[in-house]
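Here is what each chain is made of, one letter per residue.
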Amino acid sequence: MSLAGIRFDYIHAERLGAPPPGAQLQMNMQVMIEGERAVKRGGFVEIPFTIGISSVPSVVTVTIRGTATVQGDVDLKNLPPHIATPIMQAALFEAALIMRELGFPPPLPVQPQQPQAPHYA
């Protein structure tokens, strides 16, 4: 089985207000991969998903719904990581772009990279 594609069907983002001065935003993310609503078409399975992101204090909300198309047989009760991970990565990338346009930081904090010594062969 392999992931054939990801399609976004619904994207909604709303800026509910400005964050209070000096307040740290905490982002809450909910991922639902809805295996019970999967549809089989030929040799493909279409699996709907929804990702919701909201902030505390409540100043921004993002909802993304879509469908992942998987080629081959899939155990929908135990979705393998090589299917679930790209769904989350694609949706979080889209959410980061939208949140940037609204003037907010990305939904997941970016960890600073430690400088590495150069490798010479």
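For the structure given in this document, a descriptive report is provided here. Keep in mind that what you see is a predicted model, and the values were worked out from it rather than measured. Within every chain, residues take consecutive numbers counted from 1 along the sequence as written. Under the rules for a predicted model, residues below a pLDDT of 70 receive no local features and side-chain atom pairs below 80 are neither given nor counted, while totals for whole chains, interfaces and linings still include all residues. To get the side-chain values, take all heavy atoms of the structure and skip hydrogens and water.

A few words on the nonpolar core. Put simply, buried Ala, Val, Leu, Ile, Met, Phe, Trp, Tyr and Cys residues joined by side-chain atoms within 4.5 Å make one nonpolar core. For every residue, the accessible area obtained with a 1.4 Å probe (protein chains only) is divided by the maximum for its type, and the residue is called buried under 20%, exposed over 50%, and partly exposed between those limits. In this structure, Ile47, Ile53, Val62, Leu79 and Met99 are the most contacted members of the largest nonpolar core, which totals 21 residues. Mapped onto this core, the elements with two or more residues apiece are β4 (44–56), β5 (60–71) and α1 (81–102). Helix and strand labels come from DSSP, where a helix needs a run of H or I of at least four residues and a strand needs a run of E of at least two; each type is numbered from the N terminus. The greatest single-element share of this core, amounting to seven residues, is contributed by α1. Contacts between residues were defined by any pair of non-hydrogen atoms, one from each residue, lying within 4.5 Å. What isoleucine 47 contacts, discounting residues up to four positions off in sequence, is Ile33, Glu34, Ala38, Gly66, Thr67, Ala68, Val70, Val74, Leu76 and Leu79.

Moving on, we get to the side chain of threonine 67. Topologically, threonine 67 is positioned in strand β5. With relative accessibility at 9%, the residue threonine 67 sits in the buried group. Excluding its chain neighbours within four sequence positions, the residues that come into contact with threonine 67 are Gly5, Ile6, Arg7, Asp9, Glu46, Ile47, Pro48 and Phe49.

When DSSP finds at least two bridges between two strands, those strands are taken to pair. Summarising the sheet, strand β2 (residues 26–33) and β4 pair through eight bridges and their orientation is antiparallel. Bridge assignment links methionine 27 to a residue of β4, and that residue is serine 55. Pairing between strand β3 (residues 39–41) and β4: three bridges, direction antiparallel. Its bridge partner lying in β4, lysine 40 is registered against valine 45. Hairpin connection from β3 to β4: two residues lie between these consecutive antiparallel strands, with glycine 42 at a positive phi of about 65°. One ladder, built from eleven bridges, connects β4 with β5; its direction is antiparallel. Note that in β5 the partner of isoleucine 47 across the bridge is alanine 68.

What follows deals with the environment of glycine 72. Mapped onto the fold, glycine 72 is located in the loop between β5 and α1. Owing to a relative accessible area of 27%, glycine 72 belongs among the partly exposed residues under this scheme. For glycine 72 and alanine 4, which are 68 residues apart along the polypeptide, the C-alpha to C-alpha distance reads 9.7 Å. When neighbours within four sequence positions are excluded, glycine 72 is seen to be in contact with Gly43 and Val45.

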